[in-house]
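Chain and residue survey
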Amino acid sequence: MHLGYHGVPVVHGAGVELSPGRITALVGPNGSGKSTLLRALARLHAPSAGEVRFGDGADALLLSRRDFARHVTLLAQNRPVPTGLSVRDVVGFGRHPYRGRWRGDDPDGPAAIERAMGVTAVHGIADRPVDELSGGQLQRVWLAGCLAQDTGVLLLDEPTNHLDLRYQVEILDLLHDLAGQGVAIGVVLHDLDQAASVADEVALLAEGRLRAVGPPEDVLTTDLLTAAYGIRVEIDHDPVSGALRTRPIGRHVHSHRKVTR
């Protein structure tokens, strides 16, 4: 797809394929087009050329907004914080595609909402106003709303942003669990080590172009990352887990400071 804003190209001929049961991580420097590409997959950004295809290859534009929302959901980076609504209310927004005109006809809704709040650990704050929550709590509430939508394709733009270490790990574990249930997942991540640990496939973008797509060990290499980020990036493996690990090399990486106790 080719994507842009007000006639200015941002993404040049990039595309990714999301498959059921697999996690695809979009990585790359700021401004490389990751979020724009994800929004295009969610049908929130119209391509200047190319198209989004769904399922059997049909043009996604042929689906109504309601039908598309039953198949694809997006956790965006920035969402307005509603006032006067509880956590349960906001999570319930995810059931909109299944509700009739008068918010009825959704017999599976209550169970889906409870399940989504449980797996995101917000059940205990279900009755709190969302405008009183921390950034990390609010991030988990929005994710719960996406899960309540109960779709086969889940798109997430930096889902670990604002979260402390525990919940970062739990969100990544949750993505593994959802993929194990057959959900196709596309996720933008700035943390390359997180991408290496969670993704079946990594798509590396730089300057609006797709530089490489493949398994983490094929894409997260010193040569590709150094070229994309403009800084030396060394690759090794964690001595405990064996997971691939990235290490950017700054100007002071070899400096040693005396530590006094």
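Residues numbered from 1 in each chain as written. Predicted model: local features only at pLDDT ≥ 70, side-chain atom pairs only at ≥ 80, totals over all residues. Heavy atoms only, no water.

Identification of the chain as ABC transporter ATP-binding protein from Pseudonocardia oceani is taken from an unreviewed UniProt entry. Checking UniProt for the chain, the heading Subcellular location (unreviewed entry) contains the comment "Cell membrane". (UniProt positions renumbered as here; feature names shortened; annotations may be inferred.)

1. Observations regarding the overall build of the chain
Tallying secondary structure elements over the chain gives nine helices and 12 strands in all. Over its C-alpha trace the chain gives a radius of gyration of 20 Å, about what one expects of a compact globule, namely 18 Å for 261 residues. When the backbone C-alpha atoms are referred to their principal axes, the chain occupies close to 65 × 55 × 35 Å. Within the chain, the fraction of its 261 residues that count as buried is 45%. Long-range contacts, defined here as pairs at least 24 residues apart, represent 63% of the contacts in the chain between residues at least 6 apart. Element-wise, carbon and sulfur atoms account for 50% of the exposed surface of the chain, whose accessible area totals about 14100 Å². Where the 27 positive side-chain charges of the chain centre and where its 31 negative ones centre are 5 Å apart. (Helix = DSSP H or I, 4+ residues; strand = E, 2+ residues; numbered from the N terminus. Rg over C-alpha atoms; globule rule 2.2 N^0.38 Å. Buried < 20%, exposed > 50% of the residue type's maximum accessible area, 1.4 Å probe, protein only. Contact = heavy atoms within 4.5 Å. Areas by Shrake-Rupley, 256 points an atom, 1.4 Å probe, with all protein chains shown as cover. Lys, Arg positive; Asp, Glu negative; His and termini not counted. Charge placed at Lys NZ, Arg CZ, Asp CG, Glu CD.)

2. Structural notes on the packing of helix α4 (residues 109–119) against helix α5 (residues 135–148)
Taken N-terminus to C-terminus, the directions of α4 and α5 make an angle of 140°; their axes are 8 Å apart at the nearest point. It follows from the interaxial angle that α4 and α5 lie oblique. The two elements α4 and α5 meet at a crossing, and its hand is right-handed. In contact with Ala112, Ile113, Ala116, Met117 and Val119 of α4, α5 contributes Ala144, Leu147 and Ala148. (Axes fitted to C-alpha atoms, helices over the stretch in contact; angles between N-to-C directions. Parallel < 35°, antiparallel > 145°, perpendicular 65-115°, else oblique. Left-handed = near helix turned anticlockwise from the far one by under 90°.)

3. Here's the deal with the packing of aromatic side chains
Per the counting criterion, the structure on display carries zero aromatic pairs. One residue, Arg43, lies across the ring of Phe68, its end atom 4.7 Å from the ring centre. Above the face of the Tyr167 ring, Arg140 is positioned so that its terminal group lies 3.8 Å from the ring centre. (Phe/Tyr/Trp six-rings, centres within 6.5 Å; stacked < 30°, edge-to-face > 60°. Lys NZ or Arg CZ within 6 Å of the ring centre and 35° of its normal.)

4. Here's the deal with unusual backbone geometry
Even without glycine at this site, Arg43 takes up a positive phi of about 65°. One can find Arg43 in the loop between α1 (34–41) and β4 (53–54). With relative accessibility at 18%, the residue Arg43 sits in the buried group.

5. Considerations on the pairing of strand β2 (residues 8–11)
Each regular strand displays side chains that alternate between the two surfaces of the sheet. Two strands pair when backbone bridges link them, and strand β1 (residues 3–5) and β2 are joined in this way by three bridges, in the antiparallel orientation. Each residue of the ladder has a partner; that of Gly4, found in β2, is Pro9. Linking two consecutive strands that pair antiparallel, namely β1 and β2, is a turn of two residues; a positive phi of about 55° is found at His6 within it. (Pairing = 2+ DSSP bridges.)

6. A look at the environment of Val213
When you line up the elements, Val213 lands in strand β10 (residues 209–214). By relative accessible area, Val213 is classed as partly exposed at 43%. Leave out the neighbours within four places in its chain, and Val213 touches Glu201, Val202, Ala203 and Val219.

7. Examining the nonpolar core
In globular proteins that are soluble, nonpolar side chains generally tend to be buried together. Core analysis: the largest hydrophobic core is formed by 52 residues, its most contacted members being Val87, Val91, Leu154, Leu175 and Ile185. Element by element, the count of residues in this core is highest for α5, at eight residues. The contact partners of Val91, leaving out residues within four places of it in the chain, are Ile113, Ala116, Met117, Val141, Ala144, Gly145 and Ala148. Formed by 22 residues, the second largest nonpolar core is a distinct cluster that contains Val16, Val72, Leu155 and Val188. (Core = buried A, V, L, I, M, F, W, Y, C linked by side-chain atoms within 4.5 Å.)

8. Points about the environment of Arg245
Looking at the element boundaries, Arg245 is found in strand β12 (residues 244–248). Residue Arg245 is classed as partly exposed on the basis of its relative accessible area of 30%. Along the backbone, Arg245 and Leu172 are 73 residues apart, and their C-alpha atoms lie at a distance of 16 Å.

9. Focus: the pattern of salt bridges
In this structure the tally under the stated criterion is nine salt bridges. Among the ionic pairs, Asp127 bridges to Arg88, the shortest N-O distance being 4.0 Å. With Asp127 in the loop between α4 and α5 and Arg88 in helix α3 (residues 87–92), this pair connects stretches of sequence that are 39 residues apart. Using a relative accessible area of 65% as the deciding quantity, one classes Asp127 as exposed. A salt bridge links Arg95 to Asp106; its shortest N-O distance comes to 2.8 Å. Pair noted here: Arg95 is in the loop between α3 and α4 and Asp106 is in the loop between α3 and α4, with a separation of 11 residues, a long-range link. Asp106 shares its class with Arg95; the two are buried. Through salt bridges with shared partners, one network takes in Arg88, Glu114 and Asp127. (Salt bridge = Lys/Arg side-chain N within 4 Å of Asp/Glu carboxyl O.)

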